[in-house]
Amino acid sequence: MKKILPHLMLLSISIFICQNILAQAVPFTSDRWDINASGAIIDGYQGEENALLLQDGSATIKDADFLNGIIEFDIYLANRRGFPGILWRIVDGANYEEFYLRPHQSSNPDAMQYTPVFNGLNGWQLYHDQGAAVQDGRITWRMEGNTGYNTIYTYPFDRWLHVKLVVAGTRTDVYFDRSDTPTLQIRELLRAPAAGAISLRTFTSPVYFANFSFEKTENPPLSPLTESSREPVAHTVNQWQVSNAFKADELGEGHQLNATFVNSQSWNKLQCNRNGLGNIAQVTPREDRSLNTVLAKTTITSEGAQTKRLDFGYSDRVKVYCNGQLLYAGNNGFRTRDYRYLGTIGYFDSVYLPLKNGKNEIVFAVSESFGGWGIQAKLENMTKISSLE
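In this report, the structure presented in the accompanying data block is examined.

Analysis parameters
Residues numbered from 1 in each chain as written. Predicted model: local features only at pLDDT ≥ 70, side-chain atom pairs only at ≥ 80, totals over all residues. Heavy atoms only, no water. Helix = DSSP H or I, 4+ residues; strand = E, 2+ residues; numbered from the N terminus. Buried < 20%, exposed > 50% of the residue type's maximum accessible area, 1.4 Å probe, protein only. Areas by Shrake-Rupley, 256 points an atom, 1.4 Å probe, with all protein chains shown as cover. Salt bridge = Lys/Arg side-chain N within 4 Å of Asp/Glu carboxyl O. Pairing = 2+ DSSP bridges. Phe/Tyr/Trp six-rings, centres within 6.5 Å; stacked < 30°, edge-to-face > 60°. Core = buried A, V, L, I, M, F, W, Y, C linked by side-chain atoms within 4.5 Å. Contact = heavy atoms within 4.5 Å. Lys, Arg positive; Asp, Glu negative; His and termini not counted. Polar contact = N/O pair within 3.5 Å; in protein donor to acceptor, adjacent residues only side chain to side chain.

**A look at the overall build of the protein chain**
Each helix and strand in the protein chain was counted, giving three helices and 24 strands. In the protein chain, buried positions account for 49% of the 389 residues. Split by element, the accessible area of the protein chain, about 18,400 Å² in all, is 50% carbon and sulfur.

**Examining the pattern of salt bridges**
Tallied over the entire structure, the rule returns eight salt bridges. For Asp63, the salt bridge goes to Arg32, with nearest N and O atoms at 3.1 Å. Placement of the pair is Asp63 in strand β3 (residues 48-66) and Arg32 in the loop between β1 (23-25) and β2 (33-45), with a sequence separation of 31 residues. Residue class for Arg32 comes out partly exposed when judged on its relative accessible area of 25%. A single salt-bridge network, built from bridges that share partners, covers Arg309, Asp311, Lys378 and Glu380.

**Thoughts on the pairing of strand β22 (residues 358-367)**
Counting buried positions along β22 gives seven out of ten residues, so the element sits mostly inside the fold. Sheet topology places strand β19 (residues 317-322) next to β22; six bridges connect them, and they run antiparallel. Looking at β22, one finds that Cys322 is bridged to Ile362.

**Describing the packing of aromatic side chains**
For the coordinates displayed, the defined rule picks out 26 aromatic pairs. Aromatic side chains Trp124 and Phe370 sit 5.8 Å apart centroid to centroid with 65° between the ring planes, which places their arrangement in the edge-to-face category. One end of the pair, Trp124, is in the loop between β8 (121-122) and α2 (132-136); the other, Phe370, is in the loop between β22 and β23 (374-379), with 246 residues separating them in the sequence. Look at Trp124 and you get buried, because its relative accessible area is 10%. Judged by relative accessible area, which is 43%, Phe370 ranks as partly exposed. Look at Tyr314 and Tyr328: their rings are 6.5 Å apart centre to centre, the planes differ by 70°, and that puts the pair in the edge-to-face class. With Tyr314 in strand β18 (residues 306-315) and Tyr328 in strand β20 (residues 325-331), this pair connects stretches of sequence that are 14 residues apart. Judged by relative accessible area, Tyr314 falls into the buried class, the value being 1%. Each member of the aromatic cluster is reached from another via a ring pair, and the members are Phe28, Trp33, Phe66, Phe212 and Phe214.

**So, the nonpolar core**
By size, the foremost hydrophobic cluster in this structure holds 42 residues, and its most contacted members are Ile86, Trp88, Phe176 and Phe212. No other element matches the six residues that β3 contributes to this core. Each residue touching Phe176, except ones within four places of it in the same chain, is listed here: Phe99, Leu101, Met112, Tyr153, Tyr155, Leu161, His162, Val163 and Thr183. Judged by nonpolar contacts, the second largest core, of 32 residues, contains Val237, Leu353, Ile362 and Leu379.

**Section: the sheet that holds β23**
If you walk across this open sheet you meet the four strands as β16-β23-β18-β21, and the pairing is antiparallel. Every other strand in the sheet has two partners, leaving β16 (278-279) and β21 (349-355) as the edge strands with one partner each. In the sheet, β16 pairs with β23 via two bridges, with the strands oriented antiparallel. Bridging across to β23, Asn279 finds its partner in Gly374.

**Considering the side chain of Glu97**
Mapped onto the elements of the fold, Glu97 is located in strand β6 (residues 95-101). The buried charged residue Glu97 lacks any salt bridge partner; its closest oppositely charged side chain belongs to Arg89, at an N-O distance of 4.8 Å. Only 2.6 Å separates the side chain of Glu97 from the side chain of Tyr114, close enough to count as a polar contact. Those residues in contact with Glu97 that lie beyond four places of it in its chain are Ile86, Leu87, Trp88, Arg89, Tyr114, Thr115, Pro116, Leu189, Leu190 and Arg191.

**Thoughts on unusual backbone geometry**
With an omega of 5°, the peptide bond running from Ser315 to Asp316 counts as cis. Relative to the helices and strands, Asp316 resides in the loop between β18 and β19. Backbone geometry at Gln46 places phi at a positive 50°, although glycine is not the residue there. In this fold, Gln46 is placed in the loop between β2 and β3.

**Here we look at the side chain of Asp316**
Within the buried core, Asp316 has no salt-bridge partner, and the shortest N-O distance to an opposite charge, that of Arg317, equals 5.3 Å. A polar contact is formed between the side chain of Asp316 and the backbone nitrogen of Ser369, at a distance of 2.8 Å. Aside from chain neighbours lying at most four places away, what touches Asp316 is Gln125, Asn331, Asn332, Gly333, Phe334, Ser367, Glu368, Ser369, Phe370 and Gly372.

**A short note on the environment of Phe99**
Of note, Phe99 is situated in strand β6. For the pair Phe99 and Pro116, spaced 17 residues apart in the sequence, the C-alpha separation amounts to 8.6 Å. With sequence-adjacent residues up to four places away left out, Phe99 is seen in contact with Gly85, Ile86, Trp88, Met112, Gln113, Tyr114, Val174, Phe176 and Leu184.

**Section: the environment of Arg286**
Counting through the fold element by element, Arg286 comes out in the loop between β16 and β17 (293-302). Residue class for Arg286 comes out buried when judged on its relative accessible area of 9%. Spatially, the C-alpha atom of Arg286 lies 9.3 Å from that of Glu368, the residues being 82 residues apart in sequence. Apart from the residues lying within four places of it in its own chain, the contact partners of Arg286 are Leu121, Leu291, Asn292, Glu368, Ser369 and Trp373. Here Arg289 takes part through its backbone oxygen, which lies 2.4 Å from a polar atom of the side chain of Arg286.

Right, here's the structure in full:
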């Protein structure tokens, strides 16, 4: 027994060392941080000796190689407009997962935000849980379902707030203030899992960060998902053919879509989620900001001539064509209708399609300015519709 005991002690010590290697506290004085900001100061603040004051920029651990695990940090919020948060699984400067806070929206449904970033485009207008007020006629916002893009939270100001993210596969739980219950459960991370860098970031207002650490582990403990009341949307367009990007004025001002122009485009398939939402940025980057428009087309095969209502959503501007004829044009951009208008996407608009017998080509010309490049559409029913593709 005396001979075995030392081996057991060595094993215990080895396990302890391995566990602590996984949990990495990274002080802001470490050369592992790459800070790229308009302003950054490392000093003591409100009881924390090693705090980072960050202004309009990021602090990144490029060698994190983080896929699954736990990320923790403290943040000191003031009651003012700002967007501090964290990026993870950063593949490159244009592709990553993002979660950020909106302290100026404390106690509102959009107090925080999860969004994937594809090809440099943040999609907050596409991913939201606050549409019930529009749909049920209420004056005050009421949360509907729980897909985990945003939620109501009342922030504590002028003190340190602890934030913890538990990341596993396609899910993330977000905890505030060392609570045992997640404040937000991101039910589905929308990018394919890939290890990458981690970054703290803020813009508009400066913010202090402290006590950053991360732990890489394959099976971090996630909380059971709360029930969601949101059901999948029926009769949606499940996929689109999306063109290369071009300047919006190339469409011209006519009421008829130029067939030669359409045929000159190159096309990629865009797969939609179960609610019919397609994030155009997944397949079409905006490397040149002036190239802000794409064509998204689908085919509806009708059993006889009929008129069919198509409900749709878009971000930010759209023209809708049926068999080349312009039926609708609209602008859903941020603050285009009043100073509080967000421009979030939803099935808020409708057009009545004059379908002919056989195949009908439906084309949406979708232009992007800010906040998300998206499209979604659904038919009122599938009566005498043999295919929607």
